[in-house]
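# Survey of secondary and tertiary structure
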Amino acid sequence: MLKKTIFTIALAISLTSCESQSLLKQVNDIYKQTTANGQLTNTDIASGLKQALHKGIDTAIAQVAKPDGFLKDQAVKILLPPELQKVDKTLRSIGMSSLADEGLKLMNRAAEDAAGKAKNIFVNAVKQMTFQDALSILMGEKNAATLYLKKTTSQQLYGEFNPVIKNSLDQVGATKVWSQIISRYNKVPLVTKVNPDLADYVTNKAMDGVFFKVEQEELAIRKDPVNRTTDLLKKVFAKQDGK
């Protein structure tokens, strides 16, 4: 496979070269030669990876940024934080299941409201991707593109998601509902009192859900050629396959 060949060449260089040029640059130069000979240019690689990411982002955000996008998808549904799971159990045991269900639904609705903001942030991160980023992603781990987005967007995502989620929780009454739930729970004799930051918790879980969906789309493109819906995607990811 091409990846294995490059690694072998890189190892040989690391053992024999006395130049100050970095190993990464040497491997990159060798890779440029092999791709040029195979009619796959640096531009192809960068454009192909960006195209794949745009495709994955569009699909992933469309899945979660809608009513029930979180709530009815067990893979990303936001459950109670550990310290509140006992609250839920206690409430249900004393006949307050409807209140617990409503609190859970409103948490997921807040995440659905915020998820749409991820798209522009992801798109901007993709625009700034360099050729070396693209090459590392193409020949990297199966979730390398998702990891790239996590690294470059997490801080900004939190900043955008948190106020939207907090506002959503306030608007639909989730903050009030959970205040009631926690207040009633804390009145139960002999229980440990709880007071979590619900907005922070939902924000982080919403981000986890968005990244999970992006990763699923990335894996689909890497694994199954049928998901490579353009000639450029087919051409670029054929190199990943070692063809």
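Above this note sits the structure.
The paragraphs below set out a description of the structure included in this document. (Residues numbered from 1 in each chain as written. Predicted model: local features only at pLDDT ≥ 70, side-chain atom pairs only at ≥ 80, totals over all residues. Heavy atoms only, no water.)

## Digging into the packing of aromatic side chains
Threshold: Only rings of Phe, Tyr and Trp enter the pairing, Trp through its six-membered ring, and a pair is recorded when the two centres are within 6.5 Å. The plane angle decides the type: under 30 degrees is stacked, over 60 is edge-to-face, the rest tilted. Think of it this way: any DSSP run of H or I at least four residues long counts as a helix, any run of E at least two long counts as a strand, and we number them from the N terminus. For every residue, the accessible area (1.4 Å probe, protein chains only) is compared with the maximum for its type, and the residue is labelled buried under 20%, exposed over 50%, or partly exposed between those bounds.
Summed over all chains, the structure comprises one aromatic pair. With 5.7 Å between their ring centres and 45° between their planes, phenylalanine 122 and phenylalanine 211 make a pair best called tilted. On the criterion of sequence distance, the pair formed by phenylalanine 122 in helix 6 (residues 118–127) and phenylalanine 211 in helix 10 (residues 198–223) is long-range, its members being 89 residues apart. The same class applies to phenylalanine 122 as to phenylalanine 211, namely buried.

## A closer look at helix 3 (residues 42–64)
Note the threshold: One less than the number of residues in a helix, times 1.5 Å, gives the span that helix is expected to have.
Compared with an ideal rise of 1.5 Å per residue, which puts 23 residues at 33 Å, helix 3 spans 33 Å between its outermost C-alpha atoms and is within 8% of the ideal. Listed in full, the buried residues belonging to helix 3 are Asp44, Ile45, Ala46, Gly48, Leu49, Ala52, Leu53, Gly56, Ile57, Ala60, Ile61 and Val64.

## Remarks on unusual backbone geometry
Positioned with a positive phi, aspartate 68 is a non-glycine residue whose angle comes to about 70°. Along the polypeptide, aspartate 68 turns up in the loop between helix 3 and helix 4 (82–93).

## A closer look at the side chain of glutamate 112
Spelled out, the test is: Any pair of nitrogen or oxygen atoms within 3.5 Å is treated as a polar contact; in protein, a donor-acceptor pairing is required on top of that, and neighbouring residues in sequence qualify only through side-chain atoms on both sides. Throughout, a contact is declared for two residues whenever any of their heavy atoms are within 4.5 Å.
Of note, glutamate 112 is situated in helix 5 (residues 97–115). By relative accessible area, glutamate 112 is classed as buried at 5%. Within the structure, the side chain of glutamate 112 is placed 3.1 Å from the backbone nitrogen of phenylalanine 70, a separation counted as a polar contact. Other than its neighbours up to four places away in sequence, glutamate 112 contacts Val64, Ala65, Lys66, Pro67, Asp68, Gly69, Phe70 and Leu71.

## Looking at helix 7 (residues 131–138)
Selection criterion: Arc definition: directions from the helix axis to the C-beta atoms.
Every buried residue of helix 7 is accounted for by Phe131, Ala134, Leu135, Ile137 and Leu138. All buried residues of helix 7 lie within an arc of 165° about the axis, which places them on one face of the element.

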